[in-house]
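Overview (structure and organization)
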Amino acid sequence: MSLFPTYARYPIRLVRGKGSRLWDDQGKEYLDFMSGLAVTNLGHVPDRVRDALVRQLDRLWHVCNLFHTEGQERAARLLVENSCADAVFFCNSGAEANEAAIKLARRYHRKVLGNDRYKIITFERSFHGRTLATLTATGQDKVKDGFDPLPEGFVHVPLHDLAAVEAAVDGRTAAIMIEPVVAEGGVIPVKDEFLRALRELCDRHGLLLIFDEVQTGMGRTGKLFGYQHSGVEPDIFTLAKGLGSGFPVGAMLAREHLVPAFSPGSHASTFGGTPIAMAAVTATLETMLELDVPAKAAEAGEYLMRRLREATGDLPNVKEVRGKGLLVGIQCTHPVADAVAELHRRGLLVVTAGPEVIRLLPNLLVTREEIDEAVDKIAAVLRERVAGTVG
Ligand SMILES: *Cc1c(COP(=O)(O)O)cnc(C)c1O
């Protein structure tokens, strides 16, 4: 095997996808309720994004950021017009977007405000990426194992513990960074009042509020961006996963006061915002806005969670069904890895969020029939485990 063993891969080889369906190299069909980890939010090979990519492939692939490009300007305008942000920096992944957010926050304090604040407060169980800075920001020890020394300046506090956040703020604190729904760490929606309290705390202490919307953005939670549920506007937020419908692209977005903190030469990416990536972003956003895809995700998410609660409410191995929009978790009382493997064998692709949570991430255009099909399979597998018929 000529690949690094960095992934515990499922024993499935996928070769083709369309909409909510995937097929493996044996011709077996799967209903996809993981969307490549919240990436293919419009389903596999969505026609409009596909057509835009094919058109762009015939025109221009790459020129680098020493030139103006129509694609970046159009994609940035769409993002800015539909969010609280005033400027966008394009990059290639979620970790890179968060890395840019951390750099912008530090540089804003140094260069615009002229102080020496650099520390970022993040939360236990959070996930922010795998670069050295973003894995340090991440509130899970397993991603840090063997990689020290880690960069200085990150402090972790428990979620929903305002006193702990206040106690962590000192004269060196620059920002607070949080996922509006803690996704990887167990699908835990953050309470609106906690987000409001963080905003108020940031304003009181002159700190920046950063939302990591790499997973919650792009319609996933039932609004275009997760922060729109609470009405709490961040100073900086980040996107990746669903931004290009499967074409790799990330973005760091910020409000007006932060824009002067980056000047020519202070941050860059060779591939960031290539014409092909921008074609994917623009077609994805236009589709989401024209079809009001986030509203569809909100409705489908309500239906999915209601059906799951009905179908599993009596099962002693299911503790809670929770989530926002189509970012849904089933909190079980036992490790779920083998239940997930059994669902894969029965043709339903789901993933975990920590050892005891089954995470459901269907595409945002999923139908009620597809939801019913998934719920029936999940309830059957979990019920069999109560009865002891599946190991
Ligand atoms: C996936 C994810 C990241 C990392 O994104 P990559 O594209 O894998 O670097 C960061 N933050 C959150 C919340 C994520 O879900």
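Please refer to the structure placed before this passage.
Anyway, here's the lowdown on the structure attached to this text. (Residues numbered from 1 in each chain as written. Predicted model: local features only at pLDDT ≥ 70, side-chain atom pairs only at ≥ 80, totals over all residues. Heavy atoms only, no water.)

Observations concerning helix 11 (residues 368-387)
What counts, and what does not: Here a helix means four or more residues in a row that DSSP labels H or I, a strand means two or more in a row labelled E, and each is numbered from the N terminus. The length a helix should cover is 1.5 Å for every residue beyond the first. Throughout, exposure labels follow a simple rule: accessible area from a 1.4 Å probe, protein chains only, divided by the maximum for the residue type, with under 20% read as buried, over 50% as exposed, and the rest as partly exposed. Directions are taken from the helix axis to each C-beta atom, and the arc is the one they span.
Between its first and last C-alpha atoms helix 11 spans 28 Å; for 20 residues at 1.5 Å apiece the expected length is 28 Å, and the two agree. Listed in full, the buried residues belonging to helix 11 are Glu370, Ile371, Ala374, Val375, Ile378, Ala379, Val381, Leu382 and Arg385. Down the axis of helix 11, the smallest arc covering the buried residues is 165°, so these residues share one side. Residues of helix 11 that are exposed and point over 90 degrees away from its buried face: Glu369 and Ala387. In the segment just after helix 11, glycine 388 is the residue with positive phi, at about 85°.

Considering the side chain of glutamine 56
Using the following cut-off: Contact criterion: two residues are considered in contact whenever any of their non-hydrogen atoms come within 4.5 Å of each other.
You can see glutamine 56 is positioned in helix 2 (residues 47-57). Residues contacting glutamine 56, with those up to four places away along its chain left out, are Trp61, Pro275, Ile276 and Ala279.

Focus: the nonpolar core
Note the cut-off: Among buried residues, those of type Ala, Val, Leu, Ile, Met, Phe, Trp, Tyr and Cys that are joined through side-chain atoms within 4.5 Å constitute a nonpolar core.
Ranked by size, the top nonpolar core spans 85 residues in total, and within it Phe33, Ile176 and Leu360 carry the most contacts. Leave out the neighbours within four places in its chain, and leucine 360 touches Phe33, Leu304, Leu308, Leu326, Leu327, Val328, Ile330, Val350 and Ile378. Counting 23 residues, the second-largest nonpolar core is a separate cluster that includes Cys91, Ile102, Met177 and Phe262.

Some details on the sheet that holds strand 13 (residues 318-324)
Here is the rule we go by: Two strands are counted as paired when DSSP detects at least two bridges linking them.
The strand order across the open sheet built from 4 strands is 13-14-17-16, with neighbouring strands paired in antiparallel fashion. Each edge of the open sheet carries a strand with a single partner, namely strand 13 and strand 16 (351-352). Strand direction decides the pairing type here: strand 13 and strand 14 (residues 327-332), joined by 6 bridges, are antiparallel. Bridging across to strand 14, valine 318 finds its partner in cysteine 332.

Considerations on the packing of helix 3 (residues 70-81) against helix 8 (residues 275-290)
How we decide: Under this scheme, a helix contributes an axis fitted over its contacting stretch, all axes are lines through C-alpha atoms, and angles between N-to-C directions fall in the 0 to 180 degree range. Angle categories: roughly parallel below 35 degrees, roughly antiparallel above 145, roughly perpendicular from 65 to 115, and oblique for all the rest. In a left-handed crossing the near helix is turned counterclockwise from the far helix by less than a right angle, and in a right-handed crossing that turn is clockwise. Three residue categories are used. Nonpolar comprises Ala, Val, Leu, Ile, Met, Phe, Trp, Tyr, Cys and Pro, charged comprises Asp, Glu, Lys and Arg, and polar comprises the others, including Gly.
Interhelical geometry of helix 3 versus helix 8 gives an angle of 30° and a closest axis separation of 9 Å. One element, helix 3, and the other, helix 8, form an angle in the roughly parallel class. Handedness of the crossing formed by helix 3 with helix 8: left-handed. Seen from helix 3, the contacting residues are Gly71, Gln72, Arg74, Ala75, Leu78 and Leu79; seen from helix 8, they are Met278, Val281, Thr282, Leu285, Glu286 and Leu289. A per-class count over the contact of helix 3 with helix 8 returns 7 nonpolar, 3 polar and 2 charged.

Describing the site of the ligand
Heads up, the rule is: Note on terminology: near, applied to a residue and a molecule or strand, indicates that one of the residue's heavy atoms is within 4 Å of it. Between N or O atoms, a polar contact is any pair within 3.5 Å; within protein, one atom must be a potential hydrogen donor and the other a potential acceptor, and residues adjacent in sequence are included only when both atoms are from side chains. Calculation of accessible area relied on Shrake-Rupley with a 1.4 Å probe; when residues are assessed, cover is drawn exclusively from the protein chains displayed.
Within the structure, the ligand sits among 13 residues, and Gly94, Ala95, Asp212, Gln215 and Lys241 are positioned closest to it. Within the contact set of the ligand, an oxygen atom lies 2.8 Å away from a side-chain nitrogen or oxygen of glutamine 215. When the free accessible area of the ligand is taken as 380 Å², the share hidden by the protein chains comes to 81%. For the shell around the ligand, the element with the highest residue contribution is helix 4 (residues 94-113), accounting for 3 residues. Across the shell around the ligand, the residue classes break down as 3 nonpolar, 6 polar and 4 charged.

Details of the pattern of salt bridges
Filter applied, for reference: Just to be clear on terms, a salt bridge is a Lys or Arg side-chain nitrogen sitting within 4 Å of an Asp or Glu carboxyl oxygen.
By the definition in use, this model includes 28 salt bridges. Residues arginine 21 and glutamate 29 are paired through a salt bridge, measuring 3.4 Å at the closest nitrogen-oxygen approach. A salt bridge links arginine 385 to aspartate 338, with the nearest nitrogen and oxygen atoms 2.6 Å apart. With arginine 385 in helix 11 and aspartate 338 in helix 10 (residues 337-345), the pair connects residues that are 47 residues apart, well separated along the chain. By relative accessible area, aspartate 338 is classed as partly exposed at 38%.

Notes on the packing of helix 9 (residues 293-312) against helix 11
The interhelical angle for the contact between helix 9 and helix 11, taken along N-to-C directions, is 30°, at an axis separation of 10 Å. When the axis of helix 9 is compared with that of helix 11, the two are roughly parallel. Both helix 9 and helix 11 take part in a crossing whose hand is right-handed. Where helix 9 approaches helix 11, its residues Glu299, Ala300, Tyr303, Leu304, Arg306, Arg307, Leu308, Ala311 and Thr312 are matched on the opposing element by Arg368, Ile371, Asp372, Val375, Asp376, Ile378, Ala379, Leu382 and Arg383.

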